[in-house]
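Chain residues, written in single-letter form:
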Amino acid sequence: MNERLKFAVIGGGSWATAIVKMLCENLDQVGWYMRNEAAIAHIKKEQHNPNYLSAVEFKTEQLLLSNDINELVSYADVLIFVVPSAFIFSELEALSVSLDEKIVFSAIKGIVPETSLIVGDHFNTHLGVPFNNIGVISGPCHAEEVALERLSYLTISCADEKKAKQVAKQLSCDYIKCTTSDDVIGTEYAAMLKNIYAIAAGIAHGLGYGDNFQAVLMSNAIREMKRYVKKVHKMKRDINDSAYLGDLLVTGYSVFSRNRMFGNMIGKGYTVKSAMMEMSMVAEGYYASKSAFHLNKEKGSKKAKTPIINAIYGILYENKDPKKIFNKLTDKLN
């Protein structure tokens, strides 16, 4: 691979901002697409994103900022997509530049609602990106701790090991350590599922369950994740690796977790609509719970046993009472 690959980040939220920060540690120029023209103007003038991780200062001469997705896709060899999964379909509708020769990495932790596919599969099936050119960036890593330059770890997955190592190299720095994996599908599903389990942890906290129950809930969640991922993509993997268990734990327990926050509000009595309106960021687990539930249901007799996903789906999409659902759920955990 060419050592002088050009990188661009697609997205303007907190995780996109954090990834741009990492890349700026290693690259002379980083492309950055965001829809918000006012945010672009602010970054150019004030050197920071006005809406997310505003403490992070950028050297604007390093940034190629644009609200034209085609300009940035044309510029870059490696595209890192960090748009919420609920909006990725509409963002890509504006794309007229071919992705055939591009290396596409997803840092999106969800499923494309319009196609019910994980992001990598969507790029492969609907945009013709070869599977060997598709990768996933997963945690355990919160954007807020990247902003504070606290030591964090990433897992970079790609079927092509050389591409995984190249992307890992450009994201690594004093406070970011990267490992690589060839489990592209498994790590992407795990990144999606852990947000559902974080909502469960938040609901439990909002309902008044303590640390003892939270530990049992997370223990059952990792086993449920293992069953689910094995059904969608069977291969040798250690579910206790950081990309699976580590990412689950940080999302389930961290004060920075928007999915846990969302669940906590639901547990305290907020409606789904009111909780979403109060949050300034998207809780990916809300959309993921619907997709994960239906994808599993479609497998019929071969579906995985998923009492936690089923419970969260019932609360969020069938308007079931969280307290009653969790009372039933407690009898299914061990």
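Structural data are supplied above this passage.
None of the values given here were measured: they were computed from a predicted structure.

> Can you help me understand the pairing of strand 3 (residues 63-66) in this one?
Remark: a regular strand shows side chains that alternate across the two faces of the sheet. In this structure, strand 2 (residues 30-33) lies alongside strand 3, joined through four bridges in parallel fashion. Across the sheet, W32 pairs through a bridge with L65, a residue of strand 3.

> Would you explain the packing of aromatic side chains in this entry?
The geometry of two aromatic rings is summed up by the distance between their centres and the angle between their planes. Under the defined criterion, the tally for this structure stands at 11 aromatic pairs. A centroid spacing of 6.2 Å and a plane angle of 45° characterise the contact between Y189 and Y228, whose relative ring orientation is tilted. Residue Y189 is located in helix 8 (residues 184-207), and its partner Y228 is located in helix 9 (residues 211-232); the two are separated by 39 residues in the primary sequence. Here Y189 and Y228 have matching classes, each one buried. Residues Y209 and F326 carry aromatic rings whose centres are separated by 6.1 Å and whose planes lie at 45° to one another, so their mutual orientation is tilted. Residue Y209 is located in the loop between helix 8 and helix 9, and its partner F326 is located in helix 15 (residues 322-329); the two are separated by 117 residues in the primary sequence. In this structure Y209 comes out as partly exposed when scored by relative accessible area, which is 23%. Members of the aromatic cluster, each reached through a chain of ring pairs, are F262, Y286, Y287, F293, Y313 and Y317.

> Sorry, what's going on with the environment of V216 here?
Position of V216 among the secondary structure elements: in helix 9. Residue classification places V216 among the partly exposed residues on the basis of a relative accessible area of 32%. When the C-alpha atoms of V216 and F326 are compared, they prove to be 13 Å apart, with 110 residues separating the residues in sequence. Not counting the four nearest positions on each side in its chain, V216 is found in contact with L333 and N334.

> Even after reading the chapter, I still don't get the side chain of S254, so can you show me in this structure?
Along the chain, S254 turns up in the loop between helix 10 (242-253) and helix 11 (258-267). Once you skip the residues sitting within four places of it in the chain, S254 turns out to touch H142, L249 and R260.

> Explain the packing of helix 8 against helix 14 (residues 307-317) to me, please; I cannot follow it from the model alone.
Packed helices, taken two at a time, are described by their axes: the angle between them and the distance between them. Packing of helix 8 against helix 14 brings their axes to within 10 Å, and their N-to-C directions diverge by 70°. Relative to helix 14, helix 8 is oriented roughly perpendicular. Note that helix 8 runs across helix 14; the crossing there is left-handed. The residues of helix 14 that touch helix 8, namely those facing L193, I196, Y197, I199, A200 and I203, are I308, I309, I312, I315 and L316.

The rules behind each value
- In this numbering scheme, every chain counts its residues from 1 along its sequence in written order.
- Only residues with pLDDT of at least 70 get local features here, since the model is predicted, and only at 80 or more are side-chain atom pairs given and counted; chain-wide, interface and lining totals rely on the full set of residues.
- The side-chain values count all of the structure's non-hydrogen atoms but skip hydrogen atoms and water molecules.
- Strand pairing is assigned whenever DSSP detects at least two bridges linking the two strands.
- A run of H or I in DSSP becomes a helix once it reaches four residues, and a run of E becomes a strand once it reaches two; helices and strands are each numbered from the N terminus.
- Ring pairs are drawn from Phe, Tyr and Trp, using the six-membered ring of Trp, whenever the two centres fall within 6.5 Å, and their geometry is named by plane angle: stacked under 30 degrees, edge-to-face over 60, tilted for the rest.
- The classification of residues rests on relative accessible area computed with a 1.4 Å probe and restricted to protein chains. Under 20% of the type maximum is buried, over 50% is exposed, and intermediate values are partly exposed.
- Between two residues, a contact is recorded if the distance between any of their heavy atoms is within 4.5 Å.
- Every axis corresponds to a line fitted to the C-alpha atoms, with the helix fit spanning only the stretch in contact, and the corresponding angles, defined between N-to-C directions, vary from 0 to 180 degrees.
- In these notes the angle categories are as follows: under 35 degrees is roughly parallel, over 145 is roughly antiparallel, 65 to 115 is roughly perpendicular, and the rest is oblique.
- What makes a crossing left-handed is the near helix being turned counterclockwise from the far one by less than a right angle; a clockwise turn instead makes it right-handed.

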